[in-house]
Amino acid sequence: MGKWIIEDKECLAEKITSDGNKYLVGNGYMGIRGTLQEYKKEEFPAINLAGLYDQVGDAWREPLNAPNGLYTYIEFEGKQYRLPQHLPSSHHIALDYRHGIFYRDTSWETEVGKIRVKAERFASLDECHLIAMKYSICSDADGRVRIYTGIDGEVWDINGPHYDEMWLSETKPIIYGVGITHECKYKICVSETYDVDFNLDEDIIIEGRKIVRVLSFEAKAGISYDLYKYIGVYTSKDTSDYLNEASRLILEAKSNGYDYILRKHKNKWEEKWKVSQVTIEGDDISMEALNYSIYHLHSIAPRHADSLSIPARGLSGQTYKGAVFWDTEMFMLDLFLFTEPDVAKTLLKYRIDTLDGAKKKAKDYGYCGAFYPWESQEGGYDACSDYNVVDVFTGRPMRTYFKDKQVHISSAVVYGIMRYVDYTGNYDLLIEGGGQVIIECARFYYDLLIKKVHLDRYELHDVIGPDEYHERVNNNAYTNKMAKYTFQSAISVIDILSQFDALYEELSQQYDLLWLKQIFQDAAVKIYIPEPDEKNQVIEQFDGYFGLEDVSIEELKKRMLHEKEYLGGAYGIASHSKVIKQADVVTMLNLFSDEYSMEVLLKNWEYYEPRTEHGSSLSACMYSMLACKCQMPEKAYPLFLKSARADLRESTKQWAGLIYIGGTHPAAAGGAYMTAIEGFAGLRIKDGKLNVNPNLPSKWNSMAFKIIYHGDLYEINIEKNSAKINNLGRYKG
Ligand code: IFM
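In this text, all values refer to a predicted model and were calculated from it rather than measured experimentally. (Residues numbered from 1 in each chain as written. Predicted model: local features only at pLDDT ≥ 70, side-chain atom pairs only at ≥ 80, totals over all residues. Heavy atoms only, no water.)

**Q** Go over the overall build of the protein chain with me, naming the residues and quoting the values.
**A** Looking only at helices and strands, the protein chain features 19 helices and 30 strands. Its C-alpha atoms put the protein chain at 90 × 65 × 55 Å along the principal axes. For the protein chain, buried positions account for 62% of its 733 residues. At a minimum sequence separation of 6, the contacts of the protein chain that also span at least 24 residues come to 67%. Put simply, the protein chain shows about 28,000 Å² of open surface, and 47% of that area lies on carbon and sulfur atoms. Averaging the coordinates of the 84 positive side-chain charges in the protein chain and doing the same for the 107 negative ones gives two points 2 Å apart. (Helix = DSSP H or I, 4+ residues; strand = E, 2+ residues; numbered from the N terminus. Buried < 20%, exposed > 50% of the residue type's maximum accessible area, 1.4 Å probe, protein only. Contact = heavy atoms within 4.5 Å. Areas by Shrake-Rupley, 256 points an atom, 1.4 Å probe, with all protein chains shown as cover. Lys, Arg positive; Asp, Glu negative; His and termini not counted. Charge placed at Lys NZ, Arg CZ, Asp CG, Glu CD.)

**Q** Provide a residue-level description of the site of the ligand, including the pertinent values.
**A** Neighbouring the ligand are the residues Ala-312, Arg-313, Tyr-320, Phe-325, Trp-326, Asp-327, Trp-374, Glu-468, Lys-581, Gln-582, Ser-616 and Leu-618. At 2.9 Å from an oxygen atom of the ligand is found a side-chain nitrogen or oxygen belonging to Trp-326. Within the side chain of Glu-468, one N or O atom sits 3.4 Å away from a nitrogen atom of the ligand. Contact with the protein chains hides 95% of the accessible area of the ligand, taken as 280 Å² for the molecule alone. Across the shell around the ligand, the residue classes tally to six nonpolar, two polar and four charged. (Near = heavy atom within 4 Å. Polar contact = N/O pair within 3.5 Å; in protein donor to acceptor, adjacent residues only side chain to side chain. Nonpolar A, V, L, I, M, F, W, Y, C, P; charged D, E, K, R; others polar.)

**Q** Mind laying out the packing of aromatic side chains, listing which residues take part and the relevant values?
**A** What the rule picks out here adds up to 45 aromatic pairs. Ring geometry for Trp-4 and Trp-273: centres 4.7 Å apart, planes at 65 degrees, overall edge-to-face. One end of the pair, Trp-4, is in the segment before β1 (5-8); the other, Trp-273, is in helix α3 (residues 258-276), with 269 residues separating them in the sequence. Look at Phe-122 and Tyr-258: their rings are 5.8 Å apart centre to centre, the planes differ by 55 degrees, and that puts the pair in the tilted class. Of this pair, Phe-122 sits in strand β10 (residues 113-123) while Tyr-258 sits in helix α3, placing them 136 residues apart in sequence. Residue Tyr-258 is classed as buried on the basis of its relative accessible area, which comes to 4%. A network of ring pairs unites the aromatic residues Trp-4, Tyr-97, Trp-269, Trp-273, Tyr-292 and Tyr-295 as a single cluster. Seen from the ring of Tyr-71, Lys-210 lies directly overhead, with NZ or CZ sitting 5.7 Å from the centre. One cation-aromatic arrangement involves Lys-321 over Trp-60; the distance from NZ or CZ to the ring centre is 4.0 Å. (Phe/Tyr/Trp six-rings, centres within 6.5 Å; stacked < 30°, edge-to-face > 60°. Lys NZ or Arg CZ within 6 Å of the ring centre and 35° of its normal.)

**Q** Account for unusual backbone geometry, naming residues and giving values.
**A** Following Leu-83, the chain continues into Pro-84 via a peptide bond in cis, with omega recorded as 0 degrees. Within the fold, Pro-84 resides in the loop between β7 (79-81) and β8 (90-96). Cis geometry is adopted by the peptide bond preceding Pro-161, which originates at Gly-160 and carries an omega value of 0 degrees. Following the sequence through the fold, Pro-161 ends up in the loop between β12 (143-152) and β13 (163-171).

**Q** Lay out the packing of helix α4 (residues 284-299) against helix α19 (residues 666-680) with the relevant residues and their values.
**A** The description of two packed helices rests on the angle between their axes and on the distance between the axes. In the contact formed by α4 and α19, the axes pass within 9 Å of each other and the chain directions differ by 130 degrees. Classified by the angle their axes make, α4 and α19 are oblique. The two elements α4 and α19 meet at a crossing, and its hand is left-handed. Along the contact surface, α4 presents Leu-290, Ser-293, Ile-294 and Leu-297, while α19 presents Pro-666, Ala-669, Gly-670, Ala-672, Tyr-673 and Ala-676. (Axes fitted to C-alpha atoms, helices over the stretch in contact; angles between N-to-C directions. Parallel < 35°, antiparallel > 145°, perpendicular 65-115°, else oblique. Left-handed = near helix turned anticlockwise from the far one by under 90°.)

**Q** Tell me about the packing of helix α18 (residues 633-644) against α19, residues and numbers included.
**A** Running from N to C, α18 and α19 cross one another at 155 degrees; their axes reach a closest spacing of 8 Å. The orientation of α18 relative to α19 falls into the category roughly antiparallel. The hand of the α18/α19 crossing is left-handed. Touching Pro-633, Ala-636, Tyr-637, Phe-640, Ser-643 and Ala-644 of α18 are Ala-668, Ala-669, Gly-671, Ala-672, Thr-675, Ala-676 and Phe-680, all from α19. Residues belonging to the contact of α18 with α19 are distributed by class as follows: ten nonpolar, three polar and no charged.

**Q** Report on the pairing of strand β6 (residues 72-76), specifying residues and quantitative values.
**A** Most of β6 sits inside the fold, with five of its five residues counted as buried. Note that β6 and β12 share five bridges and pair antiparallel. Bridge pairing links Glu-75 to Arg-146 in β12. Judged from the three bridges that link them, β6 and β7 form a sheet pairing that is antiparallel. Across the sheet, Ile-74 pairs through a bridge with Tyr-81, a residue of β7. (Pairing = 2+ DSSP bridges.)

**Q** Describe the state of the cysteines, and please don't skip the residues or the numbers.
**A** Evaluation of the coordinates by the stated rule reveals zero disulfides. Cysteine Cys-189 remains unbridged, with the sulfur of Cys-128 as its closest cysteine sulfur at 14 Å. Overall, the relative accessible area of 0% leaves Cys-189 in the buried class. The thiol sulfur of Cys-621 is not disulfide-bonded, and the nearest other cysteine sulfur, from Cys-628, lies at 11 Å. A residue is classified by how much of its surface remains accessible, and Cys-621, at 0% relative accessible area, is buried. (Disulfide = S-S within 2.5 Å.)

**Q** Could you give me a rundown of the pattern of salt bridges, with the residues and numbers involved?
**A** The tally for this structure, following the rule as stated, stands at 54 salt bridges. A salt bridge links Asp-8 to Lys-15, with the shortest nitrogen-to-oxygen separation between them at 2.3 Å. Owing to a relative accessible area of 9%, Asp-8 belongs among the buried residues under this scheme. Note that Arg-144 is salt-bridged to Glu-218, the shortest N-O span being 3.0 Å. Of this pair, Arg-144 sits in strand β12 while Glu-218 sits in strand β17 (residues 210-219); the two residues are 74 residues apart in sequence, bridging distant segments of the chain. Here the salt bridges do not stand alone but share partners, grouping Glu-192, Glu-202, Arg-213 and Lys-229 into one network. (Salt bridge = Lys/Arg side-chain N within 4 Å of Asp/Glu carboxyl O.)

Here it is as structure tokens:
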């Protein structure tokens, strides 16, 4: 089964930020960055919370990091040993990504031999408010050890501090750190208690925003002293009784014991893998990267809520404002749809519950219907700024139009809901508000349509497609096609809902449904969808794209005057060229591949791939999937690995000027999963049945995975020359 472990033995200060992402553990309620126990805010430790945000002053609103209840370091014979200040003689970190457990093992030389710290920790998948840690110390010589352990309320923030106050207190045997947020006055409560089976003296000190226990004992050489820490995280958004709940939880955990809660946590992970593991024979690198990607998605799946989505950087911190983009529906959703439909429903319910925000946004721009936020936060607030990029030459913020013009975001919501209907066979989500979301999105696109008097067709002007380098273009093929898809979806949704009398009646009070069907039908027929060019079969990305300068990416980059200059927008050097940031036409062809000939798919892949910078981690998987559909698995393979290894390679962008923009890349992780399942295995629904059309890369001898479709669990085994789909019966969850 392979090792399911990633590890690192180097101790390099510059890897602190990327390790934080790569070694993340989480359970959907919180993500704990893979940093060390002794790290202070300068080293970016974070217990990042899902779905809670705060704004201080005019800075960007961002998600919250909880007070750090893992905070721990040691002193031996009066001298501190901690990273990054004290160079170790050996250091090893590891992540068991089958079970979401982070390990460290560090030794330092002291005057009388070595002192070694070994630790492991996890965010329980069984109990989302619970973190547990085992911390062991062993020295070569007898000596006085002090363990400093407690809660660090000096939290790392990008745009903080978010806690106006930090209450630190002790009610034996528990210590608490409760932060009160600036904007909504949320109380973020962290409780902590510990257990040891040896004698020690204990003091508690409060210094600034830290509450720390000082645990002292005489250590004997060669004996391992184990400290078990239990940490509870509750917020006033979870319950008004957050303090009692946080206390009850950790006392119960302590009485059950570390091994017991670890076992329960591991069992939960095994349950996930039973359905979601993808087995690849012949290529361990792919198998590791793919399952590691799946691990990341499981770690951030909101199982504790029934209406919550996943931010573009998962739960790895505050970059990208912790906001939800189209990434969730278009890239991450499929894993959950195929292996845990309840989570897929939770993600989509978030869009249903934020419909009012989307309607307000449309209204603010002078349109009807629902225009979803480009960067959605709590309550459907659009966190996207009008000035998303800083001009490196003038230091001035640059006007960007992502928020105003990436209108394709609403169609991503529609796509997600319709996909849920297709794969689950259930109308529950449509009935619970999803139907209305689709109608509102269709109304929005209808309102955006433009008709030139001499043409009997509708157009969409002044938009930004997935390729963000070319702003404010007309007739972006992807956007127009997705708008058409939205009209068609709305028509079928109105038909579906007509089967539910009470709901249909209720909707009829708000809308003239027959008339809407008519106008959507007209729009779906008449909206202009750029066709493949007769000569070369290539679809023009937007009006005028073919007339732009055809310069290679390499040549273009030679023109850069600053290594961090932005290539898109009004003055960007890519804007007037054919160089694009990420898959655009290719994304469209992927989604609608059945409607185009193989020749068109291939010609467009060949045309756009060399012109695509893959400047976004969302890009490679789309090219990879389309390459599979063009029966080019060898071309698909490196692009698949690029996606699957986005968080393993440490080569993703971590800084933009002085702003930390690193974090995990769950859309790339989801894209890797889609590529494996829908690309290499070629899974799709045909005539209401699951179908595979495999195209394995030469290194893969076979591939096996499971899928939930219409409530049944299927096992799919693919060999070089054969494929089997086996129905295992009703999936009981
Ligand atoms: O949603 C993406 C976008 O397509 C490219 N820039 C980053 C966003 C978040 O991942």
